[in-house]
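The residues making up each chain are set out below.
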Amino acid sequence: MQTNFTEAQLADPATKRSNEILRSCVHCGFCTATCPTYKVLGDELDSPRGRIYLIKDMLENNKKPDEKTVMHVDRCLSCLSCMTTCPSGVHYMHLVDHARAYIERNYKRRWDDRLLRWLLSNILPYPNRFRFALLWAKLARPFRKIVPDPRLRAMLEMAPDQIPPPSRNDRPQCFPAEGQRIKRVALLTGCAQRALNTDINDATIRLLRRHGCEVVIPQGIGCCGALTHHMGKADDSHAMAAANIRAIVAELDDKGLDAVVINTSGCGTTVKDYGHMFRNDPLAADAGRVAARAKDISEVIADLGLRDPTHAKPLRVAYHAACSLQHGQQIRSAPKDLLKAAGFEVVEPRDSHICCGSAGTYNLMQPAISAELKTRKVATLEAVGAQVVSAGNIGCMMQIGSATDIPVVHTVELLDWATGGPLPRGLAGVTRSQVREELPA
């Protein structure tokens, strides 16, 4: 694609990067075939190619973002399926991130949009605030049908029936390895996940310790910045990311770390991109060190090899590939291979490359499109006759779990169970008719 940025524009590092990305696009349109919003809406401007044209025009001409451009950029899930499909290697993620930051700086949204985004950015990244908000949402949920704004209704419907108390395991501390120590790793405990499902981190710690890892929860660790990053709130997201970088580097420089383990794939995609986010910052070197050590939990366990995976029942597991894992991090086989090694029968649904519609805060800000994608995803998962759905991202788990009676659990919970951990809480209510053998109490 031909571009016409001036030398003055290219002096800005973000614009220079966007120019490189735009020039790599050859207009082939392959991306339209795998774009979820294009499949749902059928509008070229709701495809990556269409959004690229809008973003190019906006950036190249230093235009104040107009309502049409903002609408179509807002509708993007950042699922990154287009990046997997693209034969030219267009790095759409960096381009749309720049566009969102540009829009945030130069476009004044309606008051209700500004309020919603302020609420989400000031609640979701903070587990205690989020837990408190979920309690209020649970109380208000019976009245959701009379709430006029569909986005507020989506927020009320998001509240789970049970909100777990804080887990002591999420506090800064060190867990020794069981037996000989093979690795020393830091665990990114996350933010929203700590309020929605504390079992995931608990299972991760048990699994890592059982496989010879000393697990440290660094002092000062918190939200990775992904939630605010995808809203274009660059200052907020960079502040959160910088705090994590400093916390992790302190452990690196003290006793060393072999990996930074992440069990929420949306967070993993962002942490692995810290090097790019801070490329022109004094923290650049430290950000690169952290990004280089960031690993999804499936990568770490695959490297170590699954030990004694003989404890679980041989359930039929539908593996849901989170977009941030398969497209953002290009991790496709490790979770499935581990589940198979653990004795589970693994099946994949049709169109497994298409997003479930969760996408961070997308299901709260674009509830209609999100609901359509959720319906399609759940239909394909239910069609494979699985007894449980496995996923590697809390957002996907909440999204899918809200529309099906099939239990939805994190992949790490199944691996923990298979290697000697407890039965996942999500399977506790499974009836005999849903499993081949009676599950243990």
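Source: prediction; values computed, not measured.

**Quick word on the overall build of the protein chain**
Moving on, step 1. Broken down by element type, the protein chain carries 24 helices and nine strands.
Moving on, step 2. C-alpha atoms of the protein chain, sized along the principal axes, occupy 65 × 50 × 45 Å.
Moving on, step 3. The buried share of the protein chain, taken over its 441 residues, is 57%.
Moving on, step 4. Sequence separation of 24 or more characterises 73% of the internal contacts of the protein chain that already satisfy a separation of 6 or more.
Moving on, step 5. Working note: accessible area of the protein chain is about 18800 Å², and carbon and sulfur atoms make up 51% of it.
Moving on, step 6. Looking at charge distribution, the protein chain has the averaged site of its 56 positive side-chain charges lying 2 Å from that of its 47 negative ones.

**Examining the sheet that holds strand E7 (residues 345-347)**
Moving on, step 1. What the four strands build is an open sheet, ordered E7-E6-E8-E9; its pairing is parallel. Either end of the sheet is taken by a strand with one partner, and the two such strands are E7 and strand E9 (408-410). If you compare each strand with its neighbour and ignore which way they point, the axes differ by 35 degrees on average.
Moving on, step 2. Pairing geometry for strand E8 (residues 388-391) and E9, over three bridges, is parallel.

**Digging into the packing of helix H20 (residues 333-341) against helix H24 (residues 411-418)**
Moving on, step 1. Following both chains from N to C, one finds H20 and H24 inclined at 30 degrees, their axes separated by 10 Å at the closest point. With respect to each other, H20 and H24 are oriented roughly parallel. Of the two elements, H20 crosses H24, and the hand of that crossing is left-handed. Contacts from Pro 335, Leu 338 and Leu 339 of H20 reach H24 at Thr 411, Leu 414 and Leu 415.

**Some remarks on unusual backbone geometry**
Moving on, step 1. Its identity as a non-glycine residue notwithstanding, Asn 62 has a phi of 50 degrees, on the positive side.
Moving on, step 2. By secondary structure assignment, the location of Asn 62 is in the loop between helix H4 (48-60) and helix H5 (67-74).
Moving on, step 3. Phi is positive for Ala 359, close to 50 degrees, though the residue is something other than glycine.
Moving on, step 4. The residue Ala 359 is located in the loop between E7 and helix H21 (362-365) in this model.

**Observations regarding the side chain of Glu 413**
Moving on, step 1. Among the secondary structure elements, Glu 413 is positioned in helix H24.
Moving on, step 2. Despite its burial, Glu 413 remains without a salt bridge, the nearest opposite charge being carried by Arg 206 at 6.7 Å.
Moving on, step 3. Discounting chain neighbours no more than four positions away, the residues touching Glu 413 are Asn 197, Asp 199, Ile 200, Ala 203, Met 397, Pro 424 and Arg 425.

**Concerning the nonpolar core**
Moving on, step 1. Counting 101 residues, the largest nonpolar core has Leu 208, Tyr 274 and Phe 344 as its most contacted members.
Moving on, step 2. Broken down by element, this core gets its largest block of residues, eight residues, from helix H14 (residues 234-254).
Moving on, step 3. If we ignore the near neighbours within four places in the chain, the residues touching Tyr 274 are Cys 224, Ala 241, Asn 244, Ile 245, Ala 287, Val 290 and Ala 291.
Moving on, step 4. Listed in part, the 22 residues of the second largest apolar core include Ile 52, Leu 59, Tyr 92 and Val 96.

**Considering the packing of aromatic side chains**
Moving on, step 1. This structure, assessed with the given rule, holds three aromatic pairs.
Moving on, step 2. With a centroid separation of 6.2 Å and an interplanar angle of 80 degrees, the aromatic rings of Tyr 274 and Phe 278 are classed as edge-to-face.
Moving on, step 3. Residue Phe 278 is classed as buried on the basis of its relative accessible area, which comes to 2%.
Moving on, step 4. Look at Phe 344 and Trp 417: their rings are 6.1 Å apart centre to centre, the planes differ by 40 degrees, and that puts the pair in the tilted class. Here Phe 344 is found in the loop between H20 and E7, whereas its partner Trp 417 is found in helix H24, with 73 residues between them in sequence.
Moving on, step 5. The ring of Tyr 126 has Arg 129 sitting right over it, with the charged end atom 3.9 Å from the ring centre.

**Overview of empty space enclosed by the protein**
Moving on, step 1. Counting across every chain of the model gives three cavities of 30 Å³ or more.
Moving on, step 2. By volume, the largest cavity is sized at about 130 Å³.
Moving on, step 3. Lining the largest cavity are 16 residues, with Cys 25, Cys 31, Ile 52, Cys 86 and Val 90 sitting closest to its centre.
Moving on, step 4. For the lining of the largest cavity, the element with the highest residue contribution is H4, accounting for three residues.
Moving on, step 5. Taken together, the residues of the lining of the largest cavity sort by class into 12 nonpolar, three polar and one charged.

**Some remarks on the sheet that holds strand E5 (residues 294-296)**
Moving on, step 1. Taken in spatial order, the five strands make up an open sheet running E1-E3-E2-E4-E5, and their pairing is mixed. Unpaired on one side and paired on the other, strand E1 (173-175) and E5 mark the two borders of the sheet. With direction set aside, neighbouring strand axes in the sheet form an average angle of 30 degrees.
Moving on, step 2. Here four bridges tie strand E2 (residues 183-188) to strand E4 (residues 259-262), and the two strands are oriented parallel to one another. Across the sheet, the residue bridging to Leu 187 is Val 261, located in E4.
Moving on, step 3. Seen against the sheet, helix H12 (residues 199-210) touches E1, E2, strand E3 (213-217) and E4 and runs at an angle of roughly 145 degrees to E3.

**Remarks on the pattern of salt bridges**
Moving on, step 1. Within this structure, the stated rule accounts for 28 salt bridges.
Moving on, step 2. The partner of Arg 49 in a salt bridge is Glu 44, with the nearest N and O atoms 2.8 Å apart.
Moving on, step 3. With relative accessibility at 21%, the residue Arg 49 sits in the partly exposed group.
Moving on, step 4. The residue Glu 104 makes a salt bridge to Lys 233 at a minimum N-O spacing of 3.0 Å. A residue pair is termed long-range when its members are at least 10 positions apart, and Glu 104 in helix H7 (residues 92-106) and Lys 233 in the loop between helix H13 (226-229) and H14 qualify at 129 residues.

**Considerations on the side chain of Asp 74**
Moving on, step 1. Inspection of the secondary structure puts Asp 74 in helix H5.
Moving on, step 2. There is a polar contact of 3.5 Å between the side chain of Asp 74 and the side chain of Arg 117.
Moving on, step 3. Once residues lying within four places of it in the same chain are set aside, the contact partners of Asp 74 are Arg 109, Arg 117, Tyr 362 and Gln 366.

**Focus: a nonpolar patch on the surface**
Moving on, step 1. On the surface, a nonpolar cluster with roughly 480 Å² of combined accessible area is contributed by Phe 132, Leu 135, Trp 136 and Leu 139.
Moving on, step 2. Tracing the backbone shows Phe 132 in helix H9 (residues 127-140).

Scoring rules and cut-offs
Residues numbered from 1 in each chain as written. Predicted model: local features only at pLDDT ≥ 70, side-chain atom pairs only at ≥ 80, totals over all residues. Heavy atoms only, no water. Helix = DSSP H or I, 4+ residues; strand = E, 2+ residues; numbered from the N terminus. Buried < 20%, exposed > 50% of the residue type's maximum accessible area, 1.4 Å probe, protein only. Contact = heavy atoms within 4.5 Å. Areas by Shrake-Rupley, 256 points an atom, 1.4 Å probe, with all protein chains shown as cover. Lys, Arg positive; Asp, Glu negative; His and termini not counted. Charge placed at Lys NZ, Arg CZ, Asp CG, Glu CD. Pairing = 2+ DSSP bridges. Axes fitted to C-alpha atoms, helices over the stretch in contact; angles between N-to-C directions. Parallel < 35°, antiparallel > 145°, perpendicular 65-115°, else oblique. Left-handed = near helix turned anticlockwise from the far one by under 90°. Salt bridge = Lys/Arg side-chain N within 4 Å of Asp/Glu carboxyl O. Core = buried A, V, L, I, M, F, W, Y, C linked by side-chain atoms within 4.5 Å. Phe/Tyr/Trp six-rings, centres within 6.5 Å; stacked < 30°, edge-to-face > 60°. Lys NZ or Arg CZ within 6 Å of the ring centre and 35° of its normal. 1 Å grid on protein atoms, 1.4 Å probe; cavity = no way out; pocket = protein on both sides within 12 Å on 5 of 7 lines; lining within 4 Å. Points joined across faces, edges and corners; volume = space filled by probe spheres on them. Nonpolar A, V, L, I, M, F, W, Y, C, P; charged D, E, K, R; others polar. Polar contact = N/O pair within 3.5 Å; in protein donor to acceptor, adjacent residues only side chain to side chain. Patch = residues over 30% accessible without salt bridge, like charges linked within 9 Å, V, L, I, M, F, W, Y side chains within 5 Å.

These values are about where atoms sit, not about what they do.
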